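Examination of the molecular architecture
Residues per chain are reported as follows:
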Amino acid sequence: MAKATTHLKASASLSTQLIHHPYVAPSSFDSVAIGVHKASTVIFPNVAAMRSRTWQDKSAYTYGLHGTPTTFTLEERLATVEGGRYCILVPSGLAAIALVDLALLQTGDHVLIPENAYGPGKDFACVELEKWGVQCEFFDAQHPADLATRITPKTRLVWLEAPGSVTLEFPDLPALTQVVAKANEGRAALGAGRSIITALDNTWGAGVAFNPFDLGVDVSMQALTKYPSGGGDVLMGSVITRSPELHHEMLMTHMRLGLAVGANDVELVLRGLPSMALRYAHQDATTRALVHWASARDEFDMVFHPASPNSPGHAAWKRDCSGAACLFSVVFKSQFTTAQVDAFCDALQLFQLGYSWAGPISLVVPYGQSAFKHRAWAYEGSVVRFAVGLEGAGDLQADIEQALMAIAV
Ligand SMILES: Cc1ncc(COP(=O)(O)O)c(C=O)c1O
């Protein structure tokens, strides 16, 4: 509790009176809604409390950056959703990726990233971290043997993402984490070096489709911007682990970087969480209906979606997941020029042009052809990714159909 304000003199200025106006947080007001506690400053009753309180184990409050009852509640709920023990909040999904990198890597280290991972996360490692002497390399996450051959004595962090960001290949996560576990056993036997940590971008699974820790990962990050928020109006990220040591390492870096989140945004994510599994299932069902329909269309060479039997990694998805989210991508036949595919995207009326996904509005992004040329890529045509919202499946199908008609030759 703060110091008493009864000492306030009647002659105090208006500003002083307003700032020190007596306020006691209500203790007898019960509601299921989580209170939105806002603070940069947290008041201490005396110097002894100021000196003795510690925020690192959430036993006390010291400064807004170090947590409030509102942020602690969201952290605890997210850790529960993902099957982890500790959670850190950051201002965006990309900030969550950067936090994991900055906390766990140092000069001379080597980091491995799937070549089909979220582009800005790859750029963070290969542009920003390279400046600090961290070596960044890509691997083919569909082939655990490729990961095994790329691990070096300097490898400290292996990123995973399920599925790939645009082309949605689903990796065999247990096989990949096993490769890392084997490399760590080898290191331990030699008494050589720090162990390799696996970090998963779990934005797609959101803790709904599978439990990342049961599949062997050490750290799971999410863009809360997508499913947990669900509104398309918040940017936030989380970093979750079961390891107290890893959590402590990342928490200290988080504090030193000053990566605060706003209480109103935290409130919106807390509000989105109870409906997340329902939204996930609904968008999943609509997406599967569209994928089924699109797979029979002549315009596409390929429809990528993990629940689709000919999509790469389908068997691993089927074994490990109970859902398939809201994304699918198509590769147009090569007879469609880039201009025609752009015209298709422009002709869509319900699918809006915009980045992100898992909000109420369906979105579309044309990725072209060149973005995939650097890897073994069997297709010549343009790639378009759809993010399915909460509209009716029939309406969305009719929208894609009319846009295809608009570019029919
Ligand atoms: C798979 C994945 N990870 C991370 C991010 C980054 O999230 P944010 O936009 O909150 O930075 C995105 C955003 O699109 C994403 O799709």
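None of the values given here were measured: they were computed from a predicted structure. (Residues numbered from 1 in each chain as written. Predicted model: local features only at pLDDT ≥ 70, side-chain atom pairs only at ≥ 80, totals over all residues.)

This paragraph deals with the overall build of the protein. For the protein, the count of helices and strands is 13 helices and 12 strands. Overall size of the protein, expressed as C-alpha extent along the three principal axes, is 85 × 60 × 35 Å. Buried residues in the protein amount to 42% of all 409 residues. Sequence separation of at least 24 residues holds for 72% of the intrachain contacts in the protein that already meet a minimum separation of 6. (Helix = DSSP H or I, 4+ residues; strand = E, 2+ residues; numbered from the N terminus. Buried ≥ 20, exposed ≤ 12 C-beta atoms within 10 Å, placed from the backbone. Contact = placed C-beta atoms within 7 Å.)

Below, the discussion takes up the nonpolar core. By size, the foremost hydrophobic cluster in this structure holds 106 residues, and its most contacted members are Leu99, Val100, Val111 and Val239. Top element by residues in this core is helix 4 (residues 93-104). It accounts for 9 residues. No fewer than three residues from each of domain 1 (64-275) and domain 2 (276-406) sit in this core. If we ignore the near neighbours within four places in the chain, the residues touching Val239 are Ile88, Val90, Ala96, Leu99, Val100, Val219, Met221 and Met250. (Core = buried A, V, L, I, M, F, W, Y, C linked by C-beta atoms within 7 Å. Domains from an automatic or database assignment.)

The local shell around the ligand consists of Ser92, Gly93, Leu94, Tyr118, Ser165, Asp201, Thr203, Ala223, Thr225, Leu235, Gly237 and Ser356. The class makeup of the residues in the shell around the ligand is 4 nonpolar, 7 polar and 1 charged. (Near = placed C-beta within 6 Å. Nonpolar A, V, L, I, M, F, W, Y, C, P; charged D, E, K, R; others polar.)

All right, on to the domain arrangement of the protein then. Per the domain assignment, the segments of the protein are domain 1 (64-275) and domain 2 (276-406). The centre of domain 1, based on its C-alpha atoms, is set 26 Å off from the matching centre of domain 2. Listed by partner, the interface residues are 27 residues for domain 1 and 32 residues for domain 2. In terms of residue class, the side of domain 1 that touches domain 2 is made up of 15 nonpolar, 8 polar and 4 charged.

Strand order in the open sheet formed by 5 strands is 8-9-12-11-10, with mixed pairing between adjacent strands. Both edges of this open sheet fall to strand 8 (300-304) and strand 10 (352-353), since each of them pairs with a single strand only. Sheet analysis places strand 9 (residues 327-332) next to strand 12 (residues 383-387), joined by 5 bridges and oriented antiparallel. Considered in strand 12, the bridge of Leu327 is made with Ala387. Contacts from helix 12 (residues 338-347) reach strand 9, strand 10, strand 11 (363-368) and strand 12, with the element oriented near 175° to strand 11. (Pairing = 2+ DSSP bridges. Axes fitted to C-alpha atoms, helices over the stretch in contact; angles between N-to-C directions.)

Following Ala162, the chain continues to Pro163 via a peptide bond in cis, the omega torsion being -5°. Note on placement: Pro163 falls in the loop between strand 4 (155-161) and helix 7 (173-190). Positive phi outside glycine occurs at Ala206, with the angle close to 60°. Relative to the elements of secondary structure, Ala206 occurs in the loop between strand 5 (197-201) and strand 6 (219-223). A positive phi angle, close to 75°, is found at Ala358, a residue other than glycine. Mapped onto the fold, Ala358 is located in the loop between strand 10 and strand 11.

Two quantities define a packed helix pair, namely the angle between the helix axes and the distance between the axes. Helix 8 (residues 244-257) packs onto helix 4 with a crossing angle of 110° between their chain directions and a minimal axis gap of 9 Å. By the criterion of interaxial angle, the relationship of helix 4 to helix 8 is roughly perpendicular. Of the residues in helix 8, those in contact with Leu99, Val100, Leu102, Ala103 and Leu104 of helix 4 are Glu249, Met250, Thr253 and His254. (Parallel < 35°, antiparallel > 145°, perpendicular 65-115°, else oblique.)

This part covers helix 4. Three- or four-residue spacings in an α-helix give side chains the same orientation, since the helix completes a turn every 3.6 residues. The end-to-end C-alpha separation of helix 4 is 17 Å, in line with the 16 Å expected for 12 residues at 1.5 Å each. Summarising burial for helix 4: 11 of the 12 residues are buried, a large majority. Taken as a whole, helix 4 has its buried residues at Gly93, Ala95, Ala96, Ile97, Ala98, Leu99, Val100, Asp101, Leu102, Ala103 and Leu104. (Expected span 1.5 Å × (residues − 1).)

Before going further, it helps to examine the environment of Ala260. With respect to the secondary-structure elements, Ala260 resides in the loop between helix 8 and helix 9 (263-272). Its 18 C-beta neighbours within 10 Å are what place Ala260 among the partly exposed residues.

Here we have 7 strands laid out as an open sheet, ordered 1-7-6-5-4-2-3, and mixed in their pairing. Strand pairing shows two members of the sheet lacking a second neighbour, strand 1 (86-90) and strand 3 (135-139), which therefore form its edges. Direction aside, neighbouring strands of the sheet carry axes that sit 20° apart on average. Here 5 bridges tie strand 4 to strand 5, and the two strands are oriented parallel to one another.

Between the first and last C-alpha of helix 5 (residues 119-131) there are 18 Å, a value that for 13 residues agrees with the 18 Å anticipated at 1.5 Å per step. Summarising the contacts, the buried residues of helix 5 are in contact with helix 4, strand 2 (110-114), strand 3 and strand 5. Within two residues after helix 5, Gly133 carries a phi angle of roughly 85°, on the positive side.

The two faces of the sheet receive side chains in turn, since in a regular strand these alternate between them. The buried fraction of strand 6 amounts to 5 of the 5 residues, a majority that puts the element mostly inside the structure. Residues Val219, Met221 and Ala223 of strand 6 are buried on one face, and the alternating residues Ser220 and Gln222, pointing to the opposite face, are buried as well. Of the strand pairs in this sheet, strand 5 and strand 6 are connected by 3 bridges, and their pairing is parallel. The partner of Leu200 across the bridge, within strand 6, is Ser220. Bridge analysis of strand 6 against strand 7 (residues 237-241) gives 5 bridges, and the strand direction is antiparallel. Of the residues in strand 7, the one forming a bridge with Ala223 is Gly237.

The next subject is the packing of helix 12 against helix 13 (residues 393-406). Two elements in contact, helix 12 and helix 13, have axes separated by 8 Å at closest approach and are oriented at 140°. Relative to helix 13, the element helix 12 is oriented oblique. The way helix 12 lies across helix 13 gives a crossing that is right-handed. Along its contact with helix 12, which presents Ala343, Phe344 and Ala347, the element helix 13 presents Ala403, Leu404 and Ala406. (Left-handed = near helix turned anticlockwise from the far one by under 90°.)

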